[in-house]
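What follows is the residue order along each chain.
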Amino acid sequence: MYENYPIIGLCMVRADDERNFNMIEALARKIHSIGARLMIYQSTTNMFWQYKPEGGERIVYNLVDYSYVDLMIVFSEIINDDELIDSIVQRAKAHGKPVFSIGKPWPGCTNFGFLYVDGIEKAIRHVVEKHGCHELCFVAGPEGEATSELRLKKYREIVTEYGLSSSLNRVYYGGYWSQPAIVAAHEILKLDPLPEAIICANDIMAITITDVFREKGIRVPEDVILTGLDATIESQANVPSITTSGCDMNEMADMIVSAFQKLQNGETLDTEYMSHFSLVEGQSCGCRESMDSKPLSEYLKYNITKQNEKLFVEQSFHAIYEKILDAPNEKKLPAVLDSMGFDSLEIMVNHDSLRSNINPLTEGYRQGFDSRQRVIYQSGRDISELPVTIRLHELSPDLDRLIRQERPVILSPLSFFSRAIGYLVYAPEVTNLNYHMVMPYTNSLSEILGCYSMVRHLKFNAEQMDRMARHDYLTELYNRTGFFSRLLKFYKQFDTPYYAVTTVDMDGLKQLNDRYGHETGDIAIRFLSRAVASASEESSICGRFGGDEFVICTALMREEDAVLIRERIQSYLIENRATTSLPCEIIVSIGTCVMKKGFNFDEALRESDERMYSEKNSKKKQRS
């Protein structure tokens, strides 16, 4: 329960798919009619096929917050991953929440199924009893796949009942999609004579076989009858329209919501609820002589609009791609994204995914979501307020308002190379066209934001490599290369009457190393580097030229200010020695050369070196 609204969660894939959308539309309407709300957790990868996404896409189902989700529905029929389904079911059970499974019976769940075999049976009885066909063949889905084998089993039961022994093993596998269906069509064309009717296990295969037959001069239904299954919009817009059968999604939604209400009332549920299929007569069996132009017109109009909208979105994303990648920091992202004109969309990105010092492709890095999310876009919000940080359990900075409105809330993962980088919260009006945008939004933003994260990390690495090439690893001051590279800009930046070149060298470093070890020597060098840096102002550059030798170049307004450099170094060494673990005092020799504007740095460095070594030698003579 959230804000007094019962919450029903739906775990699925591809909310944009026509059949899936029809289920969502019917379910949302019924759920909202009882004052409840629907939250959809979906992957854009259609796991019905053999590809099973890892990491980022799968982890979207972990966004379910069982503290307020009252019922979990798993659309198990389209999630072709038993391990994933089981993990969703077990998490819900661990929180004491009931689970409904749609399509695939699952232990411990209340199961809601589609009687596909009912549709197969109706198609066979129709062509046998109404059209007098006795020579049939069957085009199944993938060989060995559970639902495909159930449909094949029903086909064999019915043809055996009719005594059609020649049709019993006339079976081809069309894989539920066009390419294997083309192969099946060519195999059927080798039969002589052709069967009187072809029963297909879905509409896509029936449409594909019709097209292949047309190319070969085989007429449907004059030469052969074809039937499909699913009652898709394509089947009715096809020429000829396909005789098929379909499930009433409203009936399925009614059963699910009725069962949920019984649970709330403490009533016991049946273990299984099944939705029957109804035959839809078309031209492909000869029952309809002419085609209704309305389905074709609507289908063409819808697909043209859908393709135009998708093209517009792709072009819009292409236009912002470079702007996103060039954004120097995350604060620039909201303004760029706002140019897309998103409606009812929020974009959350892992806090760490926006940090340039983290490699987003590191093996084992971030298989899940960060506990903190950065909201880089929110429809209707002043972009000057973005980005903001929210806790992951909040899901959205505006979840209260989203729950109150009568629209399902869709959560879709943003992933890059199987790494979670964030997620979308999308709550548009429930229209086919709006839901068609889920995939291009999710995939394009995953790619753009993933690449943005990579580019930032590459720039960070380039800066680090440049820094390593120009800075001394021990002291982090400029090395000789970095010093001279900076010197050219230094002259232009500070146009003063005088410049001082100061050389600093530690006395007795060899003896310190020999007596206390090189680790102590390194501590002494780092300590001296801090003293050198402390003597440098904005108008100075300093570097380590090797060993214990340091060089400072300072722009001066007055020649006499050069003496301050020596004083600052000596004072720092005396005042701060207690903060180190050094066992003895650090003594240095210093040489300074002051020259007027336009001086030759190499000559000034040579002069300061000579003065530094002169001071060092003078100390040696005093000690001897």
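Participant: It is not clear to me how the pattern of salt bridges should be interpreted in this structure. Could you clarify?
Facilitator: Side-chain pairs of opposite charge can arise where the charged atoms are in close proximity. The full count for this structure, using the stated rule, is 34 salt bridges. Measuring nitrogen to oxygen at the nearest pair gives 3.5 Å for the salt bridge that ties K130 to E281. Residue K130 is located in helix α3 (residues 116-130), and its partner E281 is located in the loop between β12 (277-280) and α9 (293-326); the two are separated by 151 residues in the primary sequence. We note a salt bridge from E157 to K154, for which the minimum N-O separation is 3.3 Å. Residue E157 and its partner K154 are both found in helix α4 (residues 146-161); the two are separated by three residues, about one turn of the helix. Among the ionic contacts, a cluster of salt bridges with common partners joins D505, D507, R566, E615, K616 and K619.

Participant: Help me understand helix α5 (residues 178-189), please; the structure alone is not making it clear to me.
Facilitator: Since the α-helix packs 3.6 residues into each turn, any two residues three or four apart lie on the same face. The terminal C-alpha atoms of α5, which comprises 12 residues, lie 16 Å apart, in line with the 16 Å expected from a rise of 1.5 Å per residue. Residues of α5 that are buried include every one of A181, A184, A185 and I188, and no others. Looking down the long axis of α5, one finds its buried residues gathered within 105° of arc, a one-sided arrangement.

Participant: Help me understand the sheet that holds strand β18 (residues 498-506), please; the structure alone is not making it clear to me.
Facilitator: Within the open sheet, the four strands sit side by side as β19-β20-β18-β21. Their pairing is antiparallel. Only two strands of the sheet have a single neighbouring strand rather than two, namely β19 (540-546) and β21 (588-596). Here the strands of the sheet are splayed against their neighbours by 15° on average, with no regard to which way each runs. Judged from the nine bridges that link them, β18 and β21 form a sheet pairing that is antiparallel. By the bridge assignment, D505 is partnered in β21 with S589.

Reading the values: rules and limits
Residues numbered from 1 in each chain as written. Predicted model: local features only at pLDDT ≥ 70, side-chain atom pairs only at ≥ 80, totals over all residues. Heavy atoms only, no water. Salt bridge = Lys/Arg side-chain N within 4 Å of Asp/Glu carboxyl O. Helix = DSSP H or I, 4+ residues; strand = E, 2+ residues; numbered from the N terminus. Expected span 1.5 Å × (residues − 1). Buried < 20%, exposed > 50% of the residue type's maximum accessible area, 1.4 Å probe, protein only. Arc of directions from axis to C-beta. Pairing = 2+ DSSP bridges. Axes fitted to C-alpha atoms, helices over the stretch in contact; angles between N-to-C directions.

Interpretation note: all reported values are geometric properties and have no functional meaning in isolation.
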